[in-house]
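The residues making up each chain are set out below.
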Amino acid sequence: MRKISIFLVLVSTSLLTFGQALYPVSNAEKATNATLIVEGEVVDQTSFWNVEHTMIFTANKVKIYKIFKGNLQKNYIEIITQGGTVGYDNVTASDLLELSEKEVGVFFCFPENRIKTSPAGGQLWDVYASSQGFFKYNVEANTAADPFNNYNSIAGEVYPLLANLSGRKFVTVDPSLKIGNHGAYQGRPNAYIASFSPTTVNSGATSDPTNNLLTITGIDFGTPSGLAKVRFGDCNYDPSSGIKFDVPYTSNLIVSWTDTEIKVRVPTRAGTGVINVMDASGATATSLSQLTVFYSILSFTADNFTKQSNLSNVNGSGGYTMQYSTTLTAEAVATFNRALTTWVEVAGLNVAIGGSTSTSNASGDGKCVVFMDNAANGTPLSAGVLAVCYSFNSYCLPASSVDYRKPEFDVNIRSSYSTGTTTFELGPCPPGSSTIDLETVLLHELGHGLNLGHIIAGSQGGVNPPKLMNYAVSNGVKRTAPDASCYQGALYTCATNAALAFGGCTAATGMTQLTPIIDSKDECPVTFPATATPPGTQVFFDLEHSTSNANSDPQYNNVVCTGSGVGVTNNLYYVVLTDASGSLDIDVTNFNYFPASASVCTGSNAPTARIAVYQTNTCPTGQSFPFAIACRSFTGNGPLTTISGLNAQTYYLLYVDGKQSAKTSFTLTFNGSALPIKLERFTGEVKTTSNDLKWVISAFSDVNKIVLERSANGSEFEPLNTYSGNVLLNREYLYSDVNPFSGANYYRLSTYNKDGTIQYSNVVLLKRSEKIKINVFPNPVKNVVNLSFNTAESLGPVQIKLYNNIGQLILVRAVNISSGINNFEIKADRMAVGSYKMIISNQQNEIIRTINLQKQ
């Protein structure tokens, strides 16, 4: 599969992860390209449109504490970041540096030359490598981190590192910054968090207060003043770093604050982890357990109201229309299409493709554009950034009573225009160990497009994160199927909401969700079957439309029976109940790849489906499955190796998944001695005057009756014969259908089990060449001539004429023939012994059939 090279620099870091849309940049590279390295605190922010009115930027006023490289004549600098709110408009740029007031850390800066000056007229500085060029501090805990590195001591690790990189000691500009438990940060023993509710929240989901409003109870929270704040884990950093995202008491997210209870809306940037309450003096209380953020929704603040953004009907057809820039390669377009199709089909994201455009940047023009980073781009990607989703949001007045909306989102993909070296895997095959899968990156960025934010999720032993919107993912993996977190979050953002009120400044309405497609076996079943699984049971599995769920899936090292870890990305479940002890045979049919081009992937990169079998009476707790008793993998049709040693009347849970998000579909047929009835074969043969059916049963248990059924169309079956009572095993049963349909005849065996369930055999299709079958019996005739017309089509009026052996017409009868079987009777008791000829013709006097009769 073709790969496209991008010029990036890959280096080893202390964390074995890639950002979902980031690649690691070394500290040495940051220091080399930064002309100014400073320690500072964000004390003010001003957002503004660029001159072209295509992008909102924010000038962050930073108070300088120390200088590690370069020189300054001022105690303050202004650092530029992309995104912010101006008037009624907001831009949120995913995976780029986003600063908040009172954040403290180290900035690797260089002069910003595109915008030239800030709104105040001063020099603007950019941060090299965006979010990686900022070491964010937890001042109280004396720790720091960037997205790929943690530092356990600011004075003991960060300062010596910077001195080594710059070749000089730092210069102190302002000595007022206190690191660790000093002065106002000295804690006191009475502050205590007793509990919080709910324990699982959806951050940023302001329209869902039940799952977003957090109530913290305890003692000695004090009055909301001074340093008082609620502190969450920051979703853009490794949780072990201790980096926090603060909600100060002045924030509109604080609903109420008393000495014993705080109510706070959980912000988009909050991640899973312990929570802290800091009082006015800096005393800090820490929760005894973690707050879990299930999914995150993008929000923004306007007129001192923070609300989630909502998808809207922009194209007049219920959603959005995306256009591909001519900067994109054909392979990149195909890759984006696969990622987009996943969200459209699984979550119902209403996005259509509107052809190509010459636009090659994010412009806020109301058009959703996908483009490659290029020299003409007004917002080129920083080092370390693989892709960005720019969300353009807006609102009307009054902000307090309207819903915020998203009229546009654009996706910028890294290209050879940028610096460094690495490789994107553009095709459907899993990437190599040092390759970044573009489809994974784009599925993540499109997640931002449909208003999902970052979350924190533990890795699967360094193999793969269990959640797509996790802030980081291992390199060399493919994660192109949603997990339960982003799946439920996407259903939340995509759901049609007729109650959305965007205000009078726009005629827009909420996006109309398309019908999501998901396999019904996506989660472990709540109830297990009451009766044994019949042999011949066929089950369809659709791994293209499936998710994973870390809260209910097996542990990553208990899927392939070797104890080795694998990525858990998309899976389905099915339960088999045995009747007798013995074995289980599984046959794979109708195996398909999605996309079909994935068939070119071979060897370790082949899209592989896997089965793990667990003996259990109920669905196990997620990540606590019993050891798998059998594991199988397959890449096409055919029988799997028999699973032996199964116990009688025992449940076996089948976990079916795709290796590295392999999207396949197939049918599994279950047989074997452990199941109640086994049909060895069911076949048929067309004879001159009949259709003959044959079958052999080799195992039989708890069956009420077996019915041979026939159909003219393959869907509507009627019974031909019933077999009940004792069934002879290993005996060939024969049934001759002497009155078949003309043309196609479909046959099947339906087994009615004693518990009321029905098991169907394979369907046998027998085709007869005659258009209509007419049976006349008996022949020779005695007292009555019986006629049976069997036809798949209505013939209408038909005339029956009977002639004697000298050609005299002795009988005429008209009948109407409809589709199906038509039976008639002609009296023959007054006919003389001898030979007769019967001619049957239609209403056009065309002869249908001539039959010679003999009267005894």
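In this convention, every chain numbers its residues from 1, walking through the sequence in written order. Whole-chain, interface and lining totals are the exception, using all residues; otherwise, since this is a predicted model, local features are given only for residues with pLDDT of at least 70 and side-chain atom pairs are given and counted only at 80 or more. By convention in this description, side-chain values take in all heavy atoms of the structure and omit both hydrogens and water.

Enquirer: Please explain helix α2 (residues 154-166) as it appears in this structure.
Expert: The periodicity of an α-helix, 3.6 residues per turn, causes residues three or four positions apart to be oriented the same way. Each residue's exposure class comes from its accessible area (1.4 Å probe, protein chains only) as a fraction of the maximum for that residue type: buried when under 20%, exposed when over 50%, partly exposed otherwise. In DSSP terms, a helix is any run of H or I states spanning at least four residues, a strand is any run of E spanning at least two, and both are numbered starting from the N terminus. The set of residues buried in α2 consists of I154, V158, Y159 and L162. All buried residues of α2 project into a common sector of 90° when viewed along the axis, lining one side. Check the buried side of α2 and you find it contacts β3 (36-49), β4 (56-69), β8 (104-111), β10 (134-138), β11 (143-146) and β12 (149-151). Once α2 ends, the next one or two residues include G167, with phi positive near 75°. Note: the arc covers the axis-to-C-beta directions of the helix. What makes two residues a contact is simply this: any of their non-hydrogen atoms within 4.5 Å.

Enquirer: Hey, could you run me through the packing of helix α3 (residues 330-347) against helix α4 (residues 438-449) in this one?
Expert: Packed helix pairs are specified by the crossing angle of their axes together with the interaxial distance, meaning the distance between the axes. In this analysis, axes come from line fits to C-alpha atoms, helices being fitted only over the stretch in contact, and the angle between any two N-to-C directions falls in the range 0 to 180 degrees. Where α3 contacts α4, the axes come no closer than 9 Å and their chain directions differ by 45°. Our classification of the angle between α3 and α4 gives oblique. Relative to α4, α3 is oriented so that their crossing is right-handed. When α3 is examined against α4, the residues T335, F336, R338, A339, L340, T342 and W343 are found in contact with a partner set consisting of L438, E439, L442, L443, L446 and G447. In the scheme used here, Gly and all other residues not listed as nonpolar or charged are polar, with Ala, Val, Leu, Ile, Met, Phe, Trp, Tyr, Cys and Pro taken as nonpolar and Asp, Glu, Lys and Arg as charged. Considered class by class, the residues forming the contact of α3 with α4 number 8 nonpolar, 3 polar and 2 charged. When an angle is under 35 degrees it counts as roughly parallel; over 145 it counts as roughly antiparallel; between 65 and 115 it counts as roughly perpendicular; any other value is oblique. By convention the crossing between two helices is left-handed if the near helix lies anticlockwise of the far one by an angle smaller than a right angle, and right-handed if it lies clockwise.

Enquirer: Would you mind showing me how to read the pairing of β3 here?
Expert: Each regular strand carries side chains that alternate between the two faces of the sheet. When DSSP finds two or more bridges between a pair of strands, those strands are recorded as paired. Here β3 runs beside β8; their pairing, made up of 6 bridges, is antiparallel. Paired with G40 across the two strands is G105, which belongs to β8.

Enquirer: Please explain the state of the cysteines as it appears in this structure.
Expert: Cysteine sulfur atoms are paired as a disulfide whenever they fall within 2.5 Å. All told, the structure shown has 4 disulfides when counted by the stated rule. Between the sulfur atoms of C429 and its disulfide mate C601 the distance is 1.9 Å. Given an S-S torsion of about -95°, the disulfide between C429 and C601 has left-handed geometry. In this pair, C429 sits in the loop between β31 (421-425) and β32 (436-437) while C601 sits in the loop between β36 (582-593) and β37 (609-615), placing the two residues 172 residues apart along the sequence. C601 carries the same exposure label as C429, and that label is buried. A sulfur-sulfur distance of 1.9 Å marks the disulfide that ties C561 to C631. Looking down the S-S bond of the C561 and C631 bridge, the torsion is 80°, so its handedness is right-handed. Residue C561 is located in the loop between β34 (537-542) and β35 (571-577), and its partner C631 is located in strand β38 (residues 630-634); the two are separated by 70 residues in the primary sequence. Assessed through its relative accessible area of 28%, C561 is described here as partly exposed.

Enquirer: Please explain the sheet that holds strand β17 (residues 229-234) as it appears in this structure.
Expert: Each strand in a sheet pairs with another by means of backbone hydrogen bonds, the pair being arranged parallel or else antiparallel. Strand order in the open sheet formed by 4 strands is β18-β17-β21-β22, and the pairing between neighbours is antiparallel. The open sheet terminates on both sides in strands that have one partner only, identified here as β18 (244-248) and β22 (284-286). Adjacent strand axes in the sheet meet at a mean angle of 30° when their direction is disregarded. Bridge count between β17 and β18: 5 bridges; the pairing is antiparallel. Looking at β18, one finds that F232 is bridged to F245.

Enquirer: Looking at this model, I keep getting lost on the side chain of D737. Mind explaining?
Expert: With respect to the helices and strands, the residue D737 is situated in strand β47 (residues 732-737). Residue D737 is classed as buried on the basis of its relative accessible area, which comes to 3%. Polar contacts involving the side chain of D737 include one to the side chain of R710, which spans 2.7 Å. Among the polar contacts listed, one links the side chain of D737 to the side chain of Y747, at a separation of 2.8 Å. When residues no more than four places from it in sequence are discounted, the contact partners of D737 are T689, S690, N691, R710, L720 and Y747. In protein, a polar contact means a hydrogen-donor-capable atom and an acceptor-capable atom, both N or O and within 3.5 Å, with residues adjacent in sequence counting only if both atoms are side-chain atoms; elsewhere, any N or O pair within 3.5 Å suffices.

Enquirer: Which parts of the structure should I look at to understand the pattern of salt bridges?
Expert: Where charged atoms from two side chains of opposite charge come close, those side chains can pair. One speaks of a salt bridge when a side-chain nitrogen belonging to Lys or Arg is within 4 Å of a carboxyl oxygen belonging to Asp or Glu. As enumerated under the stated definition, the model contains 20 salt bridges in all. With a shortest N-O distance of 3.5 Å, K478 and E439 are connected by a salt bridge. Taken together, the positions of K478 in the loop between β33 (472-473) and α5 (484-494) and E439 in helix α4 put the pair 39 residues apart, joining distant regions of the chain. The burial state of K478 is the same as that of E439; both residues are buried. Notably, a salt bridge pairs D519 with K521, separated by 2.9 Å at the nearest N-O pair. Taking the relative accessible area as the measure of exposure, D519 reaches 7% and is therefore buried.

Enquirer: Explain a nonpolar patch on the surface to me, please; I cannot follow it from the model alone.
Expert: Residues form patches when they are more than 30% accessible in relative terms and have no salt bridge. Like charges link within 9 Å. Nonpolar side chains (Val, Leu, Ile, Met, Phe, Trp, Tyr) link within 5 Å. Each accessible area is a Shrake-Rupley estimate made with a 1.4 Å probe; only the visible protein chains count as cover when residues are assessed. Taken together, the side chains of Y192, I219 and L288 define a hydrophobic patch exposed on the protein surface, amounting to about 340 Å² of accessible area. By the element assignment, I219 lies in strand β16 (residues 213-219).

Enquirer: Sorry, what's going on with the sheet that holds β38 here?
Expert: Overall, antiparallel pairing links the 4 strands, which are arranged β35-β41-β37-β38 in an open sheet. Each edge of the sheet is formed by a strand with only one pairing partner; in this case those strands are β35 and β38. Adjacent strand axes in the sheet meet at a mean angle of 20° when their direction is disregarded. Alignment of β37 against strand β41 (residues 651-658), held across 7 bridges, turns out to be antiparallel. Paired with Q615 across the strands is Y652, a residue of β41.

Enquirer: Whenever I open this one, the packing of aromatic side chains confuses me. Can you help?
Expert: Any pair of aromatic rings gets described here by the distance separating the centres and the angle formed by the planes. Only rings of Phe, Tyr and Trp enter the pairing, Trp through its six-membered ring, and a pair is recorded when the two centres are within 6.5 Å. The plane angle decides the type: under 30 degrees is stacked, over 60 is edge-to-face, the rest tilted. Considering all chains together, one arrives at 31 aromatic pairs under this definition. With a centroid separation of 6.3 Å and 70° between ring planes, the pair formed by F110 and Y128 is classed as edge-to-face. Placement of the pair is F110 in strand β8 and Y128 in the loop between β9 (124-127) and β10, with a sequence separation of 18 residues. By relative accessible area, which is 25% here, F110 ends up partly exposed. Geometrically, the ring pair formed by Y723 and Y733 is edge-to-face, given 5.7 Å between the ring centres and 80° between the ring planes. Placement of the pair is Y723 in strand β46 (residues 718-724) and Y733 in strand β47, with a sequence separation of 10 residues. Residue classification places Y733 among the buried residues on the basis of a relative accessible area of 10%. Three or more aromatic residues joined by ring pairs make a cluster, and in this case those are F541, Y574, F591, Y593, F634, F666 and F670. Charges are assigned to positions over rings by a cutoff of 6 Å between ring centre and Lys NZ or Arg CZ, combined with an angular limit of 35 degrees from the ring normal. In this structure, K66 is placed above the aromatic ring of F170, and the distance from its NZ or CZ to the ring centre is 5.5 Å. The positively charged end of R748 is found above the aromatic ring belonging to F717, 4.0 Å away from the centroid.

Enquirer: I would appreciate a short explanation of the packing of α3 against α5 in the present structure.
Expert: Between α3 and α5, whose axes approach to 10 Å, the crossing angle comes to 75°. Considering the angle they form, α3 stands roughly perpendicular to α5. Contact residues: α3 offers W343, V346 and A347, while α5 offers C486, Y487, A490, L491 and C494. For the contact of α3 with α5, the per-class residue count stands at 8 nonpolar, no polar and no charged.

Enquirer: Sorry, what's going on with the nonpolar core here?
Expert: Grouped together as the largest cluster of nonpolar side chains are 75 residues, with contacts concentrated most on L214, I216, F232 and W343. Residue contributions to this core peak at 8 residues, all from α3. Discounting residues that sit within four places of it in the chain, W343 has contacts with G348, L349, L443, L446, G447, L450, L452, L468, P482, C486 and A490. Buried residues of nine kinds, namely Ala, Val, Leu, Ile, Met, Phe, Trp, Tyr and Cys, make up a nonpolar core once their side-chain atoms join them within 4.5 Å. Counting 28 residues, the second-largest nonpolar core is a separate cluster that includes V539, L646, L654 and F670.

These figures come from the coordinates and say nothing about function on their own.
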